[in-house]
Amino acid sequence: MIGILGGTFDPIHYGHLRTALDVLQALGLEQVRFIPLQNPPHRGEPDLSPQQRLELVQVAVEGTPQFRADDRELIRQGKSYTVDTLLSLRKELGDVPLCLLMGSDAFRGFPSWHKPEQILELAHLVVMQRPGEHHPDNYKTRFTANPDQLRAAPGGSILFQPVTQLAISATAIREMLSQGRSPRYLLPDSVLKIIEKKSLYG
Ligand code: ATP
């Protein structure tokens, strides 16, 4: 099984990395691909360019062999739709079960994504609880608590995975940086080093 974590990653932080490792270990995933979105359909322009956000993701996953930065959304033109990313991964990977990882905040908005039913045909969803978020209950008929059910099919199920509760967000990190406060220990030092060296958030 392969995990996919799409995000703005503006910037990537330990709330992405630790929770992805929790899921990888709990479900026995072979790999988690971190896929920065070029042009997120659901929000305004990110502070950093796609290339800058990709570079931070690449540096963050270095040293964890099961983590991989995947640039497929950055080389595609137009809006980043998850369904297109999954179709492209399917072409590359065949029928392997795909687990789309997302925080509970993202899952709450999932019904309004582009083609959610097709996304669920192409992948399972693995929902990670975020601090302060309650348990959403859309798509209840697809819920499972059994990871074997994920292994048995390429997609179609939704599993809630308990993860380390880290109240870290990219928004808070950007705010700290813009106010001249240090976000150290919320994200890898290697990522912070690049942010500081290139004065990425002003
Ligand atoms: P922002 O504050 O800019 O909205 P973010 O910190 O939520 O950013 P994203 O890149 O938007 O980060 O998140 C990508 C995915 O990772 C989303 O599915 C989100 O729910 C999940 N995620 C982000 N932070 C955490 C966290 N601390 N715990 C669990 N999941 C998280």
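Our subject is the structure listed above.
Quick caveat: nothing in here was measured; it's all calculated off a predicted structure.

Calculation criteria
- Residues numbered from 1 in each chain as written.
- Predicted model: local features only at pLDDT ≥ 70, side-chain atom pairs only at ≥ 80, totals over all residues.
- Heavy atoms only, no water.
- Near = heavy atom within 4 Å.
- Polar contact = N/O pair within 3.5 Å; in protein donor to acceptor, adjacent residues only side chain to side chain.
- Areas by Shrake-Rupley, 256 points an atom, 1.4 Å probe, with all protein chains shown as cover.
- Helix = DSSP H or I, 4+ residues; strand = E, 2+ residues; numbered from the N terminus.
- Nonpolar A, V, L, I, M, F, W, Y, C, P; charged D, E, K, R; others polar.
- Buried < 20%, exposed > 50% of the residue type's maximum accessible area, 1.4 Å probe, protein only.
- Arc of directions from axis to C-beta.
- Contact = heavy atoms within 4.5 Å.

1. Details of the site of the ligand
Argument step 1. Within the structure, the ligand sits among 22 residues, and His13, Asp105, Arg130, Ala170 and Thr171 are positioned closest to it.
Argument step 2. In the model, an oxygen atom of the ligand is placed 2.9 Å from a nitrogen or oxygen of the His16 side chain.
Argument step 3. The separation between an oxygen atom of the ligand and a polar side-chain atom of Arg174 is 3.0 Å.
Argument step 4. Its free accessible area being 600 Å², the ligand has 90% of it covered by the protein chains.
Argument step 5. Every element with two or more residues in the shell around the ligand is listed here: β1 (2–7), α1 (14–27), β4 (98–103), α4 (104–109) and α7 (170–178).
Argument step 6. In the shell around the ligand, the residues fall into 8 nonpolar, 10 polar and 4 charged.

2. A look at helix α8 (residues 189–197)
Argument step 1. Along α8, the residues that are buried comprise Val191, Leu192, Ile194 and Ile195. Each buried residue of α8 lies within a common arc of 160 degrees when the element is viewed along its axis, so the set occupies one face. In α8, the exposed positions angled more than 90 degrees off the buried face are occupied by Lys193 and Lys197.
Argument step 2. Lining the buried residues of α8 we find α2 (50–61) and α7.
Argument step 3. Immediately downstream of α8, the backbone of Ser199 shows phi near 45 degrees, a positive value.

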